[in-house]
Amino acid sequence: MIRAGVVGASGLAGGELIRLITQHPDLELTFLGGSSSIGRRPSELHPGLRIHQNLTVQPVTEEVADKVDVLFLATPATVSADLAGLLADRVPALVDLSGAFRIRTPELHDRWYPKVKRRTDLTDRFVYGVPELIGDQLKDAALISLPGCYATAITLGLAPLTLGLGLTLKTVVVDGKSGSSGGGLQLRTSDLHPFRAGAIAPYSPTGHRHAAEVGDFLERSRPGAVGNLSMSAYGVSHVRGLLTSSYVFTDDKVDQRELSRAYLRFYKGHPFVRVRRHDETLIPVPDPQVVLGSNFADVTVLHDEEGGRIVVLAALDNLVKGAAGQAVQAVNLRFGLPEETGLTQQPVMPA
């Protein structure tokens, strides 16, 4: 068994990690870390979890390295940066779900994460990306940084265009809509039920740091592939799930048939990315509600001939494929397991 620890056990992503790890045939939960919930059991923090274990949340010290083979950091970026500095050379595998090491370029990192001071020598040691795109790099990786939920959806949507077809994207405009769980458990007036219910709140209409990490990753993967990428983000009254609509403008000539084939070819053999037709089900897809509780991401590509654009839609559960699920998926690849191990749960619908 692979011994796994979770730091940030009281958070939403931390709870999802506990849920997935305790159902995984090859992972054993051996450590829970935190600061505000020390001494509490998982069932006290997450009412849905009634796991029969004696673990309680403990402070994180260097000694955690003796208890785990892999440590998940489901912590704020400032905390992850500090813990990585403490544990990077002690824990066999460290998986960070925060934004501390997502953006490689120092100037870009400082712009979007000005309060996150990280060890500069660690930046290049972290392997970053969606597991579908960097699977080979995850084998035996000691330090893993995972994309944010929006970045996961955007990258999965754009990769077949830039890395598959080799298109040059002049402009990409992303419209993102996410449920309230995307903001974690911070107490903000705008997230109170009287304000959030039924709302479509433009909380980040002129920029989002997840778009910055997508641009940084695609530029490193294929320099010059994307000219300008911008994003507007909206909060909706769902709890889980997000949808990104990427409007792509390019001078390269493509048609619907070529695009559809390219996406099917690009994700062949990747069990968690479902390439779909917009009109193939009872309701139009992708729709976040048809992937809730699962590690699936649904992607649809459409050619808008009249508008001179490519429209890419991507939906996922922000707490699973956008966080805890792809973290477990990355660990599966890191330890040589089939990537779908422990992650074959089908979506729950209606939810």
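Anyway, here's the lowdown on the structure attached to this text. If you're wondering where the values come from, they're calculated on a predicted model, not measured in any experiment.

Quick notes on the rules
Residues numbered from 1 in each chain as written. Predicted model: local features only at pLDDT ≥ 70, side-chain atom pairs only at ≥ 80, totals over all residues. Heavy atoms only, no water. Helix = DSSP H or I, 4+ residues; strand = E, 2+ residues; numbered from the N terminus. Rg over C-alpha atoms; globule rule 2.2 N^0.38 Å. Contact = heavy atoms within 4.5 Å. Areas by Shrake-Rupley, 256 points an atom, 1.4 Å probe, with all protein chains shown as cover. Lys, Arg positive; Asp, Glu negative; His and termini not counted. Charge placed at Lys NZ, Arg CZ, Asp CG, Glu CD. Expected span 1.5 Å × (residues − 1). Bend = angle between axes of the 7 residues up to and from the residue. Buried < 20%, exposed > 50% of the residue type's maximum accessible area, 1.4 Å probe, protein only. Salt bridge = Lys/Arg side-chain N within 4 Å of Asp/Glu carboxyl O. Axes fitted to C-alpha atoms, helices over the stretch in contact; angles between N-to-C directions. Parallel < 35°, antiparallel > 145°, perpendicular 65-115°, else oblique. Left-handed = near helix turned anticlockwise from the far one by under 90°. Pairing = 2+ DSSP bridges. Right-handed = clockwise from strand over helix to strand, strands pointing away. Patch = residues over 30% accessible without salt bridge, like charges linked within 9 Å, V, L, I, M, F, W, Y side chains within 5 Å. Nonpolar A, V, L, I, M, F, W, Y, C, P; charged D, E, K, R; others polar.

### Observations regarding the overall build of the chain
Within the chain one finds 11 helices and 13 strands. Taking 20 Å as the expected radius of gyration for a compact globule of 351 residues, we find that the chain reaches 20 Å, a close match to that expectation. Its C-alpha atoms give the chain principal-axis dimensions of roughly 60 × 45 × 40 Å. In the chain, 74% of the contacts between residues at least 6 apart in sequence involve partners at least 24 apart. On the chain, roughly 15500 Å² of surface is accessible, and the fraction owed to carbon and sulfur atoms is 52%. Across the chain, the centroid of the 35 positively charged side chains sits 2 Å from that of the 37 negatively charged ones.

### So, helix H7 (residues 149-164)
Taking 1.5 Å of rise per residue, 16 residues should cover 22 Å, and H7 covers 22 Å from first to last C-alpha, within 8% of that figure. At Leu158, H7 shows its largest kink, close to 45 degrees, and the proline Pro160 lies no more than four residues downstream. Counted residue by residue, H7 has 14 buried out of 16 residues, so it is predominantly covered.

### Considerations on the pattern of salt bridges
Under the criterion given, the structure shown has 21 salt bridges. Each of Glu16, Arg19, Arg240 and Asp317 takes part in one network of salt bridges that share partners.

### Focus on the packing of H7 against helix H9 (residues 209-221)
Between H7 and H9, whose axes approach to 9 Å, the crossing angle comes to 30 degrees. Relative to H9, the element H7 is oriented roughly parallel. The element H7 and its partner H9 pack so that their crossing is right-handed. Here Cys149, Tyr150, Ala151, Ile154, Thr155, Leu158, Thr162 and Leu163 of H7 lie close against H9, whose contacting residues are His210, Glu213, Val214, Phe217, Leu218 and Ser221.

### Some points on the pairing of strand E1 (residues 2-7)
Residues in a regular strand point their side chains to alternate faces of the sheet. In terms of burial, E1 is largely enclosed, as five of its six residues are buried. Here E1 pairs with strand E2 (residues 27-33) via six bridges, running parallel. When the sheet's bridge partners are listed, Arg3 is paired in E2 with Glu28. Viewed along the sheet, the connection from E1 through helix H1 (residues 12-22) into E2 turns out right-handed.

### Thoughts on a negative patch on the surface
On the surface, a cluster of negative charge is made up of Asp255, Glu258, Glu305 and Glu306. On the accessibility criterion, Asp255 (40% relative accessible area) is partly exposed.

### Looking at the environment of Ile21
Looking at the secondary structure, you find Ile21 in helix H1. Separated by 217 residues in the primary sequence, Ile21 and His238 have C-alpha atoms spaced 25 Å apart. Leaving out residues up to four positions away in the same chain, Ile21 has contacts with Ala4, Val6, Leu27, Glu28, Leu29 and Phe72.

### A few points about the sheet that holds strand E5 (residues 127-128)
If you walk across this open sheet you meet the six strands as E2-E1-E3-E4-E6-E5, and the pairing is parallel. Bordering the open sheet on either side are E2 and E5, each of which pairs with just one other strand. Pairing between E1 and strand E3 (residues 70-73): four bridges, direction parallel. Bridged to Ala4 within E3 is Val70. Packing of helix H11 (residues 320-334) onto the sheet brings it into contact with E2, E3, strand E4 (93-96) and strand E6 (143-145), and relative to E3 it is tilted by some 155 degrees.

### Some words on the packing of H1 against H11
In the contact formed by H1 and H11, the axes pass within 9 Å of each other and the chain directions differ by 40 degrees. Here H1 lies oblique to H11, going by the angle between them. In this structure, H1 meets H11 at a crossing whose hand is right-handed. Between H1, through Ala13, Glu16, Leu17, Arg19 and Leu20, and H11, the contact on the second element is made entirely by Val320, Ala323, Ala324, Gly325, Ala327 and Val328. Along the lines of polarity and charge, the residues of the contact of H1 with H11 split into eight nonpolar, one polar and two charged.

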